[in-house]
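Structure assessment
Read off the chains here:
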Amino acid sequence: IKYPLTTESSMKLIEDSNTLVFIVDIKANKRQIKAAVKELYQIECDKINTLITPRGLKKSYVRLSKDFDALDVANRVGVI
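Summarised in this report is the structure supplied together with it. Counting restarts for each chain, with residues numbered from 1 along the sequence as it is written. For a predicted model such as this one, the threshold for reporting local features is a pLDDT of at least 70, and the threshold for listing and counting side-chain atom pairs is 80 or more; totals across whole chains, interfaces and linings nevertheless cover every residue. Excluded from the side-chain calculation are hydrogens and water; included are all heavy atoms of the structure.

1. Brief notes about the packing of aromatic side chains
- Classification of ring pairs rests on two measures: the distance between centres of Phe, Tyr or Trp rings, Trp counted by its six-membered ring, which must be within 6.5 Å, and the angle between planes, read as stacked under 30 degrees, edge-to-face over 60 and tilted in between. The final tally for this structure, using the stated rule, is one aromatic pair.
- Between the aromatic rings of Phe22 and Tyr41, the centroid separation amounts to 5.7 Å while the plane-to-plane angle is 10°, which identifies the pairing as stacked. A residue pair is termed long-range when its members are at least 10 positions apart, and Phe22 in strand 2 (residues 19–24) and Tyr41 in helix 2 (residues 30–41) qualify at 19 residues.
- Buried means the residue's accessible area, taken with a 1.4 Å probe over protein chains only, is under 20% of the maximum for its type, while exposed means over 50%, and partly exposed covers the values in between. Look at Phe22 and you get buried, because its relative accessible area is 2%. To qualify as a helix, a DSSP run of H or I must reach at least 4 residues; to qualify as a strand, a run of E must reach at least 2; elements of each kind are numbered from the N terminus.

2. Section: the environment of Ile33
- You can see Ile33 is positioned in helix 2.
- Note: C-alpha distance between Ile33 and Ile1 (32 residues apart in sequence) is 7.0 Å.
- Note on contacts: a residue pair is in contact if any heavy atoms of the two residues lie within 4.5 Å. If we skip the residues at most four places from it in the chain, Ile33 touches Ile1, Val24, Ala28, Ile48, Thr50, Ser60 and Val62.

Here you go:
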């Protein structure tokens, strides 16, 4: 995980669908991303979607489990 994304659309995802958005290493797979999120932020995630942007960055959508609130985690991480 390189850094959390703080665009307007990622803020909407945090509020609406309990999802955090990160820019990750291009070679990282979903299992590695899940392990890194768990280690860095002590949170459980339901599922992870990834995509590679036209700029050559890998974007990861991390859907948190029901036990965790994305807004609280985003405050703790420093996104908001």
